[in-house]
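# Descriptive structure summary
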Amino acid sequence: GLQLRSNWNRHFLQFEATSEFGMYADSSDDNYTDYNLRATGRADATEALQFNGDARLQHLHEERGGDDVPTSAKEPVEYDKLTGILGGTYKPNRFSIGLKGTIDKYDYETNKNINGSSTNNDGRDRTESKGELRLGYEIQNGYEAFIKSSVNARDYDEVATSGTNAGVKRGSNGYNVQAGIAIDLDRLIRADLGVGWMEQDYDNPSFKDVDGYSADARIRWNITELTTLRALASRTINETTTSGASSTVGTALGVGVDHELLRNLILNA
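Residues numbered from 1 in each chain as written. Predicted model: local features only at pLDDT ≥ 70, side-chain atom pairs only at ≥ 80, totals over all residues. Heavy atoms only, no water.

The subject of this paragraph is the nonpolar core. In summary, soluble globular proteins display a tendency toward joint burial of nonpolar side chains. One finds Leu 60, Val 69, Ala 73, Val 77, Tyr 79, Tyr 106 and Tyr 108 forming the largest nonpolar core, which totals seven residues. Of all the secondary-structure elements, those providing two or more residues to this core are strand S5 (77-90) and strand S6 (95-108). When near neighbours in sequence (up to four residues on either side) are disregarded, Tyr 106 contacts Tyr 79, Asp 80, Lys 81, Asp 125, Arg 126 and Glu 128. Core analysis: the second largest hydrophobic core is formed by five residues, Tyr 202, Phe 207, Val 210 and Ile 237 among them. (Core = buried A, V, L, I, M, F, W, Y, C linked by side-chain atoms within 4.5 Å. Buried < 20%, exposed > 50% of the residue type's maximum accessible area, 1.4 Å probe, protein only. Helix = DSSP H or I, 4+ residues; strand = E, 2+ residues; numbered from the N terminus. Contact = heavy atoms within 4.5 Å.)

This is the structure we're talking about:
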C-alpha cells in the first residue's frame, strides 16, 4: 500500500492505493487480487463549518461457499464497488448539525463454474443511495449526545434472467434512527456509541419486510502511553440474492490492540 497525506494546519487531503493478494498452494483457482484506490478530503470553510468528501474504487471478491455465490463456482466471484460521499458539519456552539450523502455502486463479474459453464451475475448489480442527518449537543467538554437518522434506496440495475432468482425484483427502501453519545477525551479515549431501530421495505410483495434494533459502536482507548485498545460492533440489514430470502441481518464484533515496542515499531493484533 501507499498513502499520501497532507499536514496542513487547515483543510485535509489524502490519497491512498492498496492491494491484497491471496495465493493458494494447492488450489490456484481460488487465487485473488483485490485493490483499493481512494481520495478523501476536508475543507474548513470557517472554524465552525467543515465540508467532507470521499471517493473510492475497490475491486473485491467473494470466496466460494458464500451465501450469494453459486455452489458450482470454480473460482471467487469478483466485483467492483464505487463509492462517493459528500457531507458537511456546522457547529457554531454546543449544538451541531451534520448532513451526509452516500452512493455505492456494485458491479459483479461473470464467474466460471466447475462444469465449464458460466454464471451471469448482472442480476446482482445495484446502486445503494443513503442520506443522513445528525444532530448533536455537547453536554460538556468531550461528551456529545446525538441523534442521527438516515434513509436509503437500494435499486437493482436489472432483473435476473437466469438461476433461482430469474424474474425477481429486489429493490427496497429503508430507514435507520439512532441515539447515542460521542466521547473524545484527548489522549485517552475516543468512542462513538449508538443504538436505535432500522427497517427495510421491499418492492416485491413476496419478500418479507425486515425490521429490528440497530447498533453502531467504535471505541479507541489508550490504556497506557504505549498500548491502544480498539473495538467495534454493528448490526445492519444487508443485501442477498439467496432464493426466497429478502435480506440478511448481520451482527459484527471486533477487537484489536496496538503496542508500541519502539517509536517506529508497533505490534498489532
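Attention now goes to the pairing of strand S14 (residues 227-238). Relative to S14, strand S13 (residues 210-222) is paired through eight bridges, and the arrangement is antiparallel. Considered in S14, the bridge of Ala 215 is made with Arg 235. Between S13 and S14, which pair antiparallel one after the other, the connecting turn spans four residues. As paired elements, S14 and strand S15 (residues 248-262) share 12 bridges and run antiparallel to each other. Bridge pairing links Leu 232 to Gly 254 in S15. (Pairing = 2+ DSSP bridges.)

In this structure the tally under the stated criterion is four aromatic pairs. With 4.8 Å between their ring centres and 25° between their planes, Tyr 79 and Tyr 108 make a pair best called stacked. Here Tyr 79, found in strand S5, pairs with Tyr 108, found in strand S6; they are 29 residues apart in sequence, far enough to count as distant. Residues Tyr 202 and Phe 207 carry aromatic rings whose centres are separated by 6.4 Å and whose planes lie at 75° to one another, so their mutual orientation is edge-to-face. Classification of Tyr 202 by relative accessible area gives buried; the value is 8%. By relative accessible area, which is 8% here, Phe 207 ends up buried. Joined through ring pairs, the aromatic side chains of Tyr 79, Tyr 106 and Tyr 108 make up one cluster. Note that Arg 126 overlies the ring of Tyr 106, its terminal NZ or CZ placed 4.1 Å from the centroid. Seen from the ring of Tyr 213, Arg 235 lies directly overhead, with NZ or CZ sitting 4.1 Å from the centre. (Phe/Tyr/Trp six-rings, centres within 6.5 Å; stacked < 30°, edge-to-face > 60°. Lys NZ or Arg CZ within 6 Å of the ring centre and 35° of its normal.)

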